[in-house]
Amino acid sequence: MQPILDFHFMVSIIPEIFKVIPVTLNITAVAMFFALIVGTTTALVRIYKILVARQLAAFYLSFTRGTPLLVQIYLSYYGIPKFLDYAHACYGWNIDVNGIPAIVFIYFAFSLNVGAYLSETIRAAIQSIDRGQMEAALSIGMTTWQGLRRIIFPQALAVALPSFGNTMISLIKDTSLAFMISVVEMMGEAKILGARGLEFFEVYIVVALIYWLICIVVERMVAILEKRVRHFEGGKI
Amino acid sequence: MLQLQNICKSFHRMEVLKGISLTVKPGEVVAILGPSGSGKSTLLRCINFLERPNHGLIQVGDLVVQTEKATNHEILQLRRITAMVFQNYHLFKNKTALENVMEGLLIVKQLSRDEAQQKSVRLLEKVGLAERMNHYPSQLSGGQQQRVGIARALALEPKVILFDEPTSALDPELVGEVLEVIRTLAREGRTMIVVTHEMHFAHEVASHVVFMDEGRIVEEGNASEVFEHTRQERTKHFLQKIQAI
């Protein structure tokens, strides 16, 4: 009788899956970076109730949180080229749509998707900071932006970091959708390897373990970072 | 040094300040007294433009600000020559005592790090906290935090320092150390406006006392005029109540 799992095969594919871990991490890092920018911007637009932009932000948040990520990936993948073709025809933008690698559409979709979720976290974190902090900054003649950058953001970061960690872990797992538009990350590689030997179960076990491992490492890193960011909260002396 | 003309401020329909005019001469210490809700704090916050007055004129030194059409630039200028000491200290929680004092010097005055640090250390020595300069606000007592707050206000060499009930959030045994610092500043001839409930302190330190009620100045004069030769019934009533405690 054959064993339930082909361990030899499982071990043999580990190096091949490891090779594409950078793709997964790359998508995570780029999406997280732009999501922080998008999330902070929309949070500020909503906090400061900036005209028009506020309505746009509300629409963006509602749409993004009300539609599946997979649909957003397809919209990005099929929609952006159409838009660029149109811009090319009308305004003579000289962009070769076929030259854009698929991963760019993934960056786009993930950044906006995660940005919407971060926006709420960031807004809540900023609003949790005592108003007096900003008033003190203004009272010594700092501009609102200086107050935000030097006083509010560092304190809000300490509040938001655990949430950022959770979002990032979701994001890492969601990158497995990127193969739907043929970006070969861990999940894509797994499917290819599985199809080669028709040993899907083994491949998916290996992939699951690697995702798990990555998430544990990220969790640890966030915990360490949290300690550093919260240094100022110290104990009473 | 400072002149206010007909400052009015409403929140929604609530009229909080109903035309306040006040002149403060250089080196004068003005104490503002009055029951809560009389608009004392709002008046101070208006001078610092933390609240935007609906109407009126603020003059500090050479800077004249017509409040209803104040530009962002004017507001920034005004804030840079006035400084506020808050009731709840409002020290920057993510910065040490030293960094709290340095912040304005670095960002607003754009001094070099060395200069800002030297100056800040001197100010912390002055308020008696040099050995605590690397502590975060969470590691300081209320009195210590408030003294850092005063050093932070002094750093920018403001023309007027505004104290918004600087001791009312403090434990009774910590009030003295903060009042002592303010007393020192008064002796140095700094121009200050202090909103306070410390009557003895007001009597002792203030060169000019203002009594406010319901958004108006009811009575003003030097300390003995207001405290001992009170003219207005409303003021008498208030002072009696306070003394009864």
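Conventions and cut-offs
- Residues numbered from 1 in each chain as written.
- Chains lettered and ligands numbered in written order.
- Predicted model: local features only at pLDDT ≥ 70, side-chain atom pairs only at ≥ 80, totals over all residues.
- Heavy atoms only, no water.
- Helix = DSSP H or I, 4+ residues; strand = E, 2+ residues; numbered from the N terminus.
- Rg over C-alpha atoms; globule rule 2.2 N^0.38 Å.
- Buried < 20%, exposed > 50% of the residue type's maximum accessible area, 1.4 Å probe, protein only.
- Contact = heavy atoms within 4.5 Å.
- Areas by Shrake-Rupley, 256 points an atom, 1.4 Å probe, with all protein chains shown as cover.
- Lys, Arg positive; Asp, Glu negative; His and termini not counted.
- Charge placed at Lys NZ, Arg CZ, Asp CG, Glu CD.
- pLDDT = per-residue confidence, 0-100.
- Phe/Tyr/Trp six-rings, centres within 6.5 Å; stacked < 30°, edge-to-face > 60°.
- Lys NZ or Arg CZ within 6 Å of the ring centre and 35° of its normal.
- Pairing = 2+ DSSP bridges.
- Axes fitted to C-alpha atoms, helices over the stretch in contact; angles between N-to-C directions.
- Buried area = accessible area lost by both parts, 1.4 Å probe.
- Salt bridge = Lys/Arg side-chain N within 4 Å of Asp/Glu carboxyl O.
- Expected span 1.5 Å × (residues − 1).
- Bend = angle between axes of the 7 residues up to and from the residue.

Draft legend 1. Region of interest: the overall build of chain B. Across its full length, chain B carries nine helices and 10 strands. For 245 residues, the compact-globule estimate of 2.2 N^0.38 gives 18 Å, and chain B sits close to it at 18 Å. Considered along the principal axes of its C-alpha atoms, chain B spans approximately 55 × 45 × 30 Å. The burial tally for chain B puts 58% of its 245 residues in the buried class. Counting contacts in chain B only where the partners sit at least 6 residues apart, residues at least 24 apart contribute 63% of the total. Here chain B displays about 10,700 Å² of accessible surface, and carbon together with sulfur accounts for 46% of that area. Positive and negative charge centroids in chain B, built from 29 and 29 side chains respectively, lie 5 Å apart.

Draft legend 2. Region of the structure containing the overall build of chain A. Along chain A, the regular secondary structure elements total eight helices and zero strands. The linear arrangement of helices and strands in chain A, starting from the amino end, is α-α-α-α-α-α-α-α. For the C-alpha atoms alone, the extent of chain A along its principal axes is close to 75 × 65 × 30 Å. With 237 residues in all, chain A has 43% of them scored as buried. Total accessible area on chain A stands at roughly 13,000 Å², and carbon and sulfur atoms take up 68% of it. Between the averaged position of the 18 positive side-chain charges in chain A and that of its 15 negative side-chain charges there is a distance of 13 Å.

Draft legend 3. Molecular detail of the confidence of the model for chain A. Per-residue pLDDT for chain A has a mean of 92; in total, 98% of the residues score no lower than 70. When the elements of chain A are averaged for pLDDT, helix 7 (residues 186-197) of chain A gives the smallest value, 90, and helix 4 (residues 102-128) of chain A the largest, 96.

Draft legend 4. Spotlight on the packing of aromatic side chains. Here the structure, examined in full by the defined rule, presents eight aromatic pairs over all chains. Considering the side-chain rings of Tyr77(A) and Tyr78(A), the 5.0 Å spacing of their centres and the 70° angle between planes classify their relative orientation as edge-to-face. For Tyr77(A), a relative accessible area of 25% puts it in the partly exposed group. The exposure class assigned to Tyr78(A) is exposed, which follows from its relative accessible area of 53%. In textbook terms, an aromatic cluster arises when at least three aromatic residues are bridged by ring pairs, as seen for Tyr74(A), Tyr77(A), Tyr78(A) and Phe105(A). The residue whose ring lies beneath Arg152(B) is Phe92(B), and the NZ or CZ to ring-centre distance is 4.6 Å.

Draft legend 5. Just the environment of Ile50(A), in detail. Residues and elements named next belong to chain A. Residue position: isoleucine 50 is located in the loop between helix 1 (7-47) and helix 2 (53-66). Overall, isoleucine 50 belongs to the partly exposed group, its relative accessible area being 40%. Sequence separation between isoleucine 50 and phenylalanine 18 is 32 residues; the distance between their C-alpha atoms is 46 Å. Non-local contacts of isoleucine 50, meaning those with residues more than four positions away in its chain, are made with Leu44 and Val45.

Draft legend 6. Representation of the sheet that holds strand 4 (residues 55-60) of chain B in the model. Residue and element names in this part refer to chain B. Spatially, four strands are ordered 2-1-4-5 in an open sheet, and the strand pairing comes out antiparallel. The open sheet has two free edges, formed respectively by strand 2 (14-24) and strand 5 (63-66), since each of these has just one partner strand. Strand-to-strand twist of the sheet, defined as the mean angle between neighbouring strand axes without regard to direction, takes the value 15°. On top of the sheet, helix 1 (residues 40-47) reaches strand 1 (2-11), strand 2 and strand 4; it is set at about 115° to strand 1, its chief contact.

Draft legend 7. Representation of the sheet that holds strand 6 (residues 82-85) of chain B in the model. All names here are of chain B. Spatial ordering of the open sheet is given by 6-7-8-3-9-10, a layout of six strands whose pairing is mixed. Two strands lie at the open edges of the sheet, namely strand 6 and strand 10 (216-221), each paired on one side alone. Each strand of the sheet is rotated relative to its neighbour by a mean of 20°, with strand direction disregarded. Looking at chain direction, strand 3 (residues 29-33) and strand 9 (residues 208-213) are connected through four bridges and run parallel. Residue pairing for strand 9: leucine 33 is matched across the bridge by phenylalanine 211. Packed onto the sheet, helix 1 meets strand 3, strand 6, strand 7 (160-164), strand 8 (192-195) and strand 9 and runs at close to 150° relative to strand 7.

Draft legend 8. Seen up close, the interface of chain A and chain B. Opposite the 25 residues of chain A that make contact, chain B presents 26 residues. Summing both partners gives a buried area of about 2,300 Å² for chain A against chain B, and 55% of it is carried by carbon and sulfur. When residues of chain A are sorted by the area they lose upon contact with chain B, Ser139(A), Ile140(A) and Arg150(A) head the list and together hold 26% of the total. The tally of links from chain A across to chain B stands at two salt bridges. With its nearest N and O atoms 2.6 Å apart, the salt bridge here joins Glu135(A) to Arg45(B).

Draft legend 9. A look at helix 3 (residues 69-91) of chain A. Residue and element names in this part refer to chain A. Between the first and last C-alpha of helix 3 there are 31 Å, a value that for 23 residues agrees with the 33 Å anticipated at 1.5 Å per step. Within helix 3, the axis deviates most sharply at glycine 79, by approximately 30°, and proline proline 81 lies no more than four positions further along. Residues of helix 3 that are buried: Leu69, Gln72, Ile73, Ser76, Pro81, Leu84 and Ala87. Packed against the buried residues of helix 3 are helix 2, helix 4 and helix 6 (144-174).

Draft legend 10. A look at the pairing of strand 4 of chain B. All names here are of chain B. Bridge count between strand 1 and strand 4: five bridges; the pairing is antiparallel. The residue bridging leucine 4 from the neighbouring strand is isoleucine 58, located in strand 4. Across four bridges, the pairing between strand 4 and strand 5 is antiparallel. In the strand pairing of strand 5, leucine 57 is matched with glutamine 66.

Draft legend 11. Examining the pairing of strand 10 of chain B more closely. Residue and element names in this part refer to chain B. Pairing of strand 9 with strand 10 involves five bridges; the strand directions are antiparallel. Bridge assignment links phenylalanine 211 to a residue of strand 10, and that residue is glutamate 219. A loop of two residues connects strand 9 with strand 10, the two strands running antiparallel in sequence, and glutamate 214 in this loop sits at a positive phi of about 50°.

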